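# Examining the three-dimensional arrangement
What follows is the residue order along each chain.
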Amino acid sequence: MRIRQECEADYPEICRLVKDAFAGAEHADGSEQDLVEALRKGAAYLPELALVAEVNGILAGHIMLTRAAVGGDPVLALAPLSVRPEFQRQGVGAALMEEAHRRAAALGAAYILVLGSEHYYPRAGYRPAEEFGVTVPEGIPSANFMVLKLREDAEPLNGAVNYAPEFGL
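Just so we're clear, the structure is a prediction, and the values are computed from it rather than from any experiment. (Residues numbered from 1 in each chain as written. Predicted model: local features only at pLDDT ≥ 70, side-chain atom pairs only at ≥ 80, totals over all residues. Heavy atoms only, no water.)

## A short note on helix 1 (residues 11–22)
Basically, it comes down to this: Under the scheme used here, helices are H or I runs from DSSP no shorter than 4 residues and strands are E runs no shorter than 2 residues, and both carry numbers assigned from the N terminus. Helices are assigned an expected span. That span is 1.5 Å times one less than the residue count. Per-residue accessibility, obtained with a 1.4 Å probe over protein chains only, is compared with the maximum for each type, and a residue is labelled buried under 20%, exposed over 50%, and partly exposed between these values. Here, the arc refers to the directions that run from the helix axis to the C-beta atoms. Residue contacts are defined here by distance: any two heavy atoms, one from each residue, within 4.5 Å place the two residues in contact.
Helix length check: helix 1 (twelve residues) gives 17 Å between terminal C-alpha atoms against 16 Å at 1.5 Å per residue, within 8%. For helix 1, every residue scored as buried is listed here: Ile14, Leu17, Val18, Ala21 and Phe22. For helix 1, the arc enclosing every buried residue in end-on projection is 115°, short of the 170-degree limit, so these residues lie on one face. Residues of helix 1 that are buried sit in contact with helix 2 (32–41), strand 2 (45–55), strand 3 (58–70) and strand 4 (73–83).

In structure tokens form, the structure reads like this:
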């Protein structure tokens, strides 16, 4: 498996990959690929934190971390993480997260937020956001709103999340 930064030539295949990955997902609304495209055009986009995983020359997965804030403190938001159905449960998502976490830490990021499966993300170190002083957005189940602390010396968080407008939250 090779993990690298996405490039413009990948965009059409990433769109299909994201759509396929979320086609049968329980909480998907079918617009996840549109979110990826919208985030790329927005101020929160960080090209160095938009990654793909290739397996035998095939794009098997995609992850995107974008700028967000808690109160006035900068954080990153993970969304979405997508793995083609035929590559799921083979470590692609875990490898993408590990590399995204490593790159985010190297850039000085202290925290990453995710809204996702309370069964999947804790395996990568994510814990309930409330434990970090982050206010859970209204209408979001607290079990699905999590934070990963990347730096032990990070200042504590306190407050509500300000996502990129493309998220619609």
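Next comes the rest of the write-up.
## As for the pattern of salt bridges
To keep things clear, this is the line we draw: Salt bridge, as used here: a side-chain nitrogen of Lys or Arg that lies within 4 Å of a carboxyl oxygen of Asp or Glu.
The tally for this structure, following the rule as stated, stands at eleven salt bridges. For Arg2, the salt bridge identified is with Glu54, shortest N-O distance 2.7 Å. Placement of the pair is Arg2 in strand 1 (residues 2–5) and Glu54 in strand 2, with a sequence separation of 52 residues. For the salt bridge of Glu99 with Arg103, the shortest nitrogen-to-oxygen distance reads 2.7 Å. Here Arg103 and Glu99 lie together in helix 3 (residues 92–106), a separation of four residues that amounts to about one turn. One network of salt bridges, in which partners are shared, links Arg2, Arg4, Asp10 and Glu54.

## Observations regarding the side chain of Asn144
Mapped onto the fold, Asn144 is located in the loop between strand 7 (134–135) and strand 8 (145–149). Those residues in contact with Asn144 that lie beyond four places of it in its chain are Val114, Leu115, Gly116, Ser117 and Glu118.

## Observations regarding the environment of Val136
Structurally, Val136 is set in the loop between strand 7 and strand 8. Here the alpha-carbon distance between Val136 and Gly159, two residues 23 residues apart in the chain, equals 9.0 Å.

## Observations regarding unusual backbone geometry
Omega for the bond connecting Ala79 with Pro80 falls within 30 degrees of zero, at -15°, which places this linkage in the cis form. Within the secondary structure layout, Pro80 lies in strand 4. Its identity as a non-glycine residue notwithstanding, Asn56 has a phi of 50°, on the positive side. Mapped onto the secondary structure, Asn56 falls in the loop between strand 2 and strand 3.

## Quick notes on helix 3
Taking 1.5 Å of rise per residue, 15 residues should cover 21 Å, and helix 3 covers 21 Å from first to last C-alpha, within 8% of that figure. For helix 3, the full list of buried residues reads Val92, Gly93, Leu96, Met97, Glu99, Ala100, His101 and Ala104. Where helix 3 is buried, its residues meet strand 1, strand 2, strand 3, strand 4, strand 5 (111–115) and strand 8. Positive backbone phi, at 95°, marks Gly108, one or two positions downstream of helix 3.

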